[in-house]
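Each chain, written out:
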Amino acid sequence: MGAFDPRPEPVRQVSARDAGGYVEDLGVRPGDAVRFHLSTPAAYALEVVRLGRSAIIDAGADGAADLVEAEEVGRFEETEASPQVVQPGSYLYAGGPPLPAGPFTCGLWLRPWRVPVIDAMQWAWSGLITDLDFPDHTRFALLIDHNGRIGLALGDGGTFVHAAVTYAEPALRDRLGRWFHVAATAGHDIVTIYVDGKEVARAPSPLPGGLTEPGPRSRLRIGAFAERGAADDLLDADIAAPFVAAGTLEPSALRRVVADRGRSLLGELQLGPLQAAWDLAEEAGHDVADSSGHGRHATLVGGGTWQIGGPAFDASLGAPGYEPSTDPDRGHGLRLSSDDLLDCRWPVSHEWTVPADAPSGLYCGLLRLSGRPRSEATPITFAVVRREPRRPGSVALLLSTNTWYAYGRRPTVTAPSFGLSASFYSTHLSGQPHFWLTTQAPIPRATPFGFESERAAFIGHSHLVRPERYAEAWLEREGFAYEVITDGDLQVEPGLLDRFAALLIAGHSEYWSHEARDEVERYLDAGGNVLSLSGDSCHWRVSFDDNGLVLECRKDVSDYDYRWLAPERWGERWHTHDGCPGGCFRLIGRYAHEMLGLDPQGMIDDGTSSGFRALRVLEPEHHLFREPRQVRFSPDGMIGERSLNGPRVSGYEFDAVREAVGTHPEPLSGLTLLGTTRQPNLEWAGADPDQGADLILWERPRGGRVVSLGSIGATGALAVDAGIGAFAANVLDWFGVAGPDRGQGREVGPRPPHQP
């Protein structure tokens, strides 16, 4: 994995308060190095362990036994602390020559999401367009203060003087979340501020003559200014069409800009000589062109968010069928956030080279501060993956690593930290959804030990890492040949699955890229086999940037949820990397049932055992319940009455056949409904609020075979419920996976349908 986070200058630093760390890649192959990036407030030991595979599926064991079983394979110790910082926030840094001396006009479209927030000091600003290094270098700064006022600061290149700031009346009152245009002129004698082309403030210039000559610390920035040499005072807003003009523009010119509402490029608006103009037409990447001809091309520092539309854009046009490239009103907007975090940029603390003979599976680094017991260590989860199976007839166990990223930094308290609490279930400090996440930061919720919350611990349920551990431990105990792969492996290696007898999807496989789906569907079309033991599967579309540094997802909802995009903002669904629409796969017309035979149905996550149910078997004479192992049912025809991941097999989040969910009125051709569940839903995607998980066999007309049990709790039942365990073993045996009843297994390749 490469990283690209351009930093043309220092950026303000925020302490990473707690001990933590991350690995560059969640999946590492034998012979490669696992690189740990750590932040610690004290001396520490880092123990690299392979996770245990017995206690995790022993109903009588506890977390302590699981931790004891973790096998040490590497160790590092440091006698000194290694505290790190993060440098959050996005803004534009303009290169090229500094602005020349003399009168000027600067302006931009602005959609603010919050006013600057006061912390220890009693005054706060955010920069709009600036050449200011507070407090000792001041040329100019168009800015917003904590009272919501637009101001223009002028200086002679020396110390900032508050009395030299001209303020307009609060412009942000009733304008948060709305586009408006801001401009300011500095003539020989007068400073004027305009909002939406109307003069809102006029004052004698505190520095007659406009801009002074540039000095060695002159830097042009959009969305920030500097404090003592480091970019700071960052903006939480959407911007469009920032520019700097030579001389003072007439009000009529500004009114043309306002009337155009960002539909045209700046050079088409007859503004006269421009010193810099950034149309933001790139809609991706870090390089932003200056169309003025003066070479003040900008670098987008810290990430930012593209593909949000400009001032004229009607974001409610994002329903299926809308095409951004044909919309003359879409324009170009860029979202800047003070807590964007593209990369923690922590140095490599330690490298552990994976032995060539290392078994694939789940591992972690246990980061333990000096004097603390092993039970208080911070786990840093990763996997040793093998894309080439060691035994013929192996099953590929897919780790839901995209889901780990999606949830893994969700804050446990209401006060988020800068960047380090970014998830697809939390918002920016501005209240706006996170559309992308860095892969280069700790993911503390992706822990192999314990549970995500006290409520989850009460019912013994987890949806990150542990579901995959239940599957891995069961495969090992039963003697099935397997290798572990990650979502990232499917993303980057077409043809990977052809080497395996089957694919096993485990846990909470919620976030999928087009590329990963293409690989699974191609594999199935060629006669492959899939066993899916996952809930809320294939729900959201994600994409990665070319460097694997950013995971993007634009989550949509049909009703209001402050974390995601309601229908009036579906036009912001288009991804930066590929320009394709995002959101749930259902909305983009690529249903989960097309791959797995089931669609996401519902959720119940209230921390009670009543939210989990067993499966009623509908086809007890089916060969998958009889060959080679006889599946035992309860007296009332149920299986899945025990699970380690919640008390029964169906719960938390679950999937059902498409006709039950309501995505299509007719059953899939070739699909057999083997079992089903009735249970209450807190949230549901279909027409029936009491539909639980379904169990199906789908012999696809196009080729391939899919068996799906649509519940996050499914893998927790493998080792402790005789019915679920025997059924899954029968499926793998039918798929030709090497195991205790099949020796070395069959060679991989297309399989004929079952012959009774």
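To start, this report covers the structure provided alongside it. Since this is a predicted model, take the numbers as computed values, not measurements.

A few words now on the overall build of the protein. Counting secondary structure elements, the protein contains eleven helices and 43 strands. For 756 residues, the compact-globule estimate of 2.2 N^0.38 gives 27 Å, and the protein sits close to it at 29 Å. When the backbone C-alpha atoms are referred to their principal axes, the protein occupies close to 95 × 60 × 45 Å. The burial tally for the protein puts 63% of its 756 residues in the buried class. A sequence separation of at least 24 residues applies to 73% of the contacts in the protein between residues at least 6 apart. Carbon and sulfur atoms make up 50% of the accessible area of the protein, which amounts to about 26,900 Å² in all.

Another aspect to go through is the pairing of strand E8 (residues 91-94). Residues Tyr-91 and Tyr-93 of E8 are buried on one face, and the alternating residues Leu-92 and Ala-94, pointing to the opposite face, are buried as well. The pairing of E8 with strand E23 (residues 298-301) spans four bridges and is classified as antiparallel. What sits directly across from Tyr-93, in E23, is Thr-299.

Turning our eyes to something else, we now look at the environment of Gln-491. Topologically, Gln-491 is positioned in helix H6 (residues 487-492). Not counting the four nearest positions on each side in its chain, Gln-491 is found in contact with Ser-513, Glu-515, Ala-516 and Phe-544.

Pairing between side chains of opposite charge can happen when the charged atoms of each approach one another. For the structure on display, the rule yields 43 salt bridges. A salt bridge links Glu-476 to Arg-53; the shortest N-O distance between them is 3.4 Å. Within this pair, whereas Glu-476 is found in helix H5 (residues 466-478), its partner Arg-53 is found in the loop between strand E5 (44-50) and helix H1 (63-69), the two being separated by 423 residues in sequence. On the basis of relative accessible area, Glu-476 is assigned to the partly exposed category, the value being 35%. Notably, a salt bridge pairs Arg-335 with Asp-238, separated by 2.7 Å at the nearest N-O pair. Of this pair, Arg-335 sits in strand E24 (residues 334-336) while Asp-238 is found in strand E20 (residues 237-246), placing the two residues 97 residues apart along the sequence. Of the two residues, Arg-335 and Asp-238, both sit in the buried class. Among the ionic contacts, a cluster of salt bridges with common partners joins Glu-47, Glu-72, Arg-75, Glu-77 and Arg-374.

Turning our eyes to something else, we now look at the sheet that holds strand E26 (residues 361-369). Across the sheet, which stays open at both edges, the five strands sit in the order E3-E27-E26-E5-E6 with mixed pairing between neighbours. Each edge of the open sheet carries a strand with a single partner, namely strand E3 (27-28) and strand E6 (71-78). Running at roughly 125 degrees to E26, H5 makes contact with E5 and E26 of the sheet.

This brings us to the state of the cysteines. The tally for this structure, following the rule as stated, stands at zero disulfides. With no disulfide of its own, Cys-538 lies closest to Cys-584 among cysteine sulfurs, the gap being 11 Å.

Reading the values: the criteria
- Residues numbered from 1 in each chain as written.
- Predicted model: local features only at pLDDT ≥ 70, side-chain atom pairs only at ≥ 80, totals over all residues.
- Heavy atoms only, no water.
- Helix = DSSP H or I, 4+ residues; strand = E, 2+ residues; numbered from the N terminus.
- Rg over C-alpha atoms; globule rule 2.2 N^0.38 Å.
- Buried < 20%, exposed > 50% of the residue type's maximum accessible area, 1.4 Å probe, protein only.
- Contact = heavy atoms within 4.5 Å.
- Areas by Shrake-Rupley, 256 points an atom, 1.4 Å probe, with all protein chains shown as cover.
- Pairing = 2+ DSSP bridges.
- Salt bridge = Lys/Arg side-chain N within 4 Å of Asp/Glu carboxyl O.
- Axes fitted to C-alpha atoms, helices over the stretch in contact; angles between N-to-C directions.
- Disulfide = S-S within 2.5 Å.

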